[in-house]
Every structure is written in C-alpha cells, then in structure tokens.
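# Notes for the structure review
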Amino acid sequence: MPTDAVGRFLAALDPDHREAVGARSREEQEELAAAWERELEADTELDTLDELSPPAAEAEAARRVLERGTGWAGRPEG
C-alpha cells in the first residue's frame with residue numbers, strides 16, 4: 001500500500017483515471033493529491049462513509065476532486 005499522498009490518491013482512482021492522472025506531471029499529481037486530502041478532511045459525509053468503508057470514501061473523494069477541479073477528468077493528455 002502506498003504511503004505518500006500521490007500514491008494513495010492514485011490507488012483510490014479507478015483504473016482509467018489512474019492511467020490518465022499517472023500520465024500527468026508530478027506537480028499536477030501532487031496538486032490533485034493535496035486537493036484529495038483536503039476533500040477527505042473537510043467533507044463530513046465522507047467521514048461517515050469512511051467509518052463504513054475507508055476505500056469507498058477515498059474513491060469518492062478522488063472522483064469529486066477530478067470531477068470538480070480539473071476540467072480534464074478522464075480525458076487523455078494531448
């Protein structure tokens with residue numbers, strides 16, 4: 001299991017998004033991972049989900065970050 005924020009963020013993504021984010025620069029990956037960590041910390045709905053299923057909460061936070069903040073979620077670079 002990854003221990004750094006980027007590794008944990010990538011692990012929380014579905015395979016297609018993991019590949020798309022993995023193709024991005026390390027700096028962009030770090031920015032997304034930081035946003036993901038903020039989402040996990042700030043959203044009380046995720047706190048409840050985290051008690052039931054930590055992986056599900058992490059995946060939901062990752063989905064939200066990509067959907068809300070990137071404008072390129074799921075799109076390959078190019």
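Being a predicted model, the structure only gives us computed values, none of them experimental.

## Side note on the overall build of the protein
Summing up its helical and strand segments, the protein has 5 helices and 0 strands in all. Listed by position from the N terminus, the elements making up the protein come as α-α-α-α-α. Considering the protein as a whole, with its 78 residues, one finds that 32% of them fall into the buried category. Here the analysis covers contacts within the protein between residues at least 6 apart in sequence; of these, 53% occur between residues at least 24 apart. Total accessible area computed for the protein in this model is approximately 4,900 Å², and 50% of it derives from carbon and sulfur atoms.

## What about the confidence of the model for the protein?
In this model, the protein carries an average pLDDT of 85, and 87% of its residues clear a pLDDT of 70 or more. When mean pLDDT is taken per element in the protein, helix α1 (residues 5-12) scores highest with 95 and helix α4 (residues 44-52) scores lowest with 80. Scored below 50 in pLDDT, residues 72-78 makes 15 contacts in the model with residues more than four places away or belonging to other chains.

## Things to note about the packing of α1 against helix α2 (residues 15-22)
Each pair of packed helices gets described by two things: the angle between the helix axes and the distance between those axes. Close contact between α1 and α2 brings their axes to 8 Å; oriented N to C, the two are set at 145°. Of the residues in α2, those touching α1 at Phe-9, Leu-10 and Ala-11 are Arg-18, Val-21 and Gly-22. In terms of residue class, the contact of α1 with α2 is made up of 4 nonpolar, 1 polar and 1 charged.

## Examining helix α5 (residues 54-69)
The end-to-end C-alpha separation of α5 is 22 Å, in line with the 22 Å expected for 16 residues at 1.5 Å each. On the buried face of α5, the contacting elements are α1, α2, α3 (26-42) and α4.

## Examining the packing of aromatic side chains
Enumeration according to the criterion identifies 1 aromatic pair in this entry. Measuring from ring centre to ring centre gives 5.8 Å for Phe-9 and Trp-36, while their planes differ by 55°; the resulting arrangement is tilted. Pair noted here: Phe-9 is in helix α1 and Trp-36 is in helix α3, with a separation of 27 residues, a long-range link. Judged by relative accessible area, Trp-36 falls into the buried class, the value being 0%.

## Describing the environment of Ala-34
With respect to the secondary-structure elements, Ala-34 resides in helix α3. Between the C-alpha atoms of Ala-34 and Val-6, which are 28 residues apart in sequence, the distance is 8.2 Å.

Definitions and cut-offs
Residues numbered from 1 in each chain as written. Predicted model: local features only at pLDDT ≥ 70, side-chain atom pairs only at ≥ 80, totals over all residues. Heavy atoms only, no water. Helix = DSSP H or I, 4+ residues; strand = E, 2+ residues; numbered from the N terminus. Buried < 20%, exposed > 50% of the residue type's maximum accessible area, 1.4 Å probe, protein only. Contact = heavy atoms within 4.5 Å. Areas by Shrake-Rupley, 256 points an atom, 1.4 Å probe, with all protein chains shown as cover. pLDDT = per-residue confidence, 0-100. Axes fitted to C-alpha atoms, helices over the stretch in contact; angles between N-to-C directions. Nonpolar A, V, L, I, M, F, W, Y, C, P; charged D, E, K, R; others polar. Expected span 1.5 Å × (residues − 1). Phe/Tyr/Trp six-rings, centres within 6.5 Å; stacked < 30°, edge-to-face > 60°.

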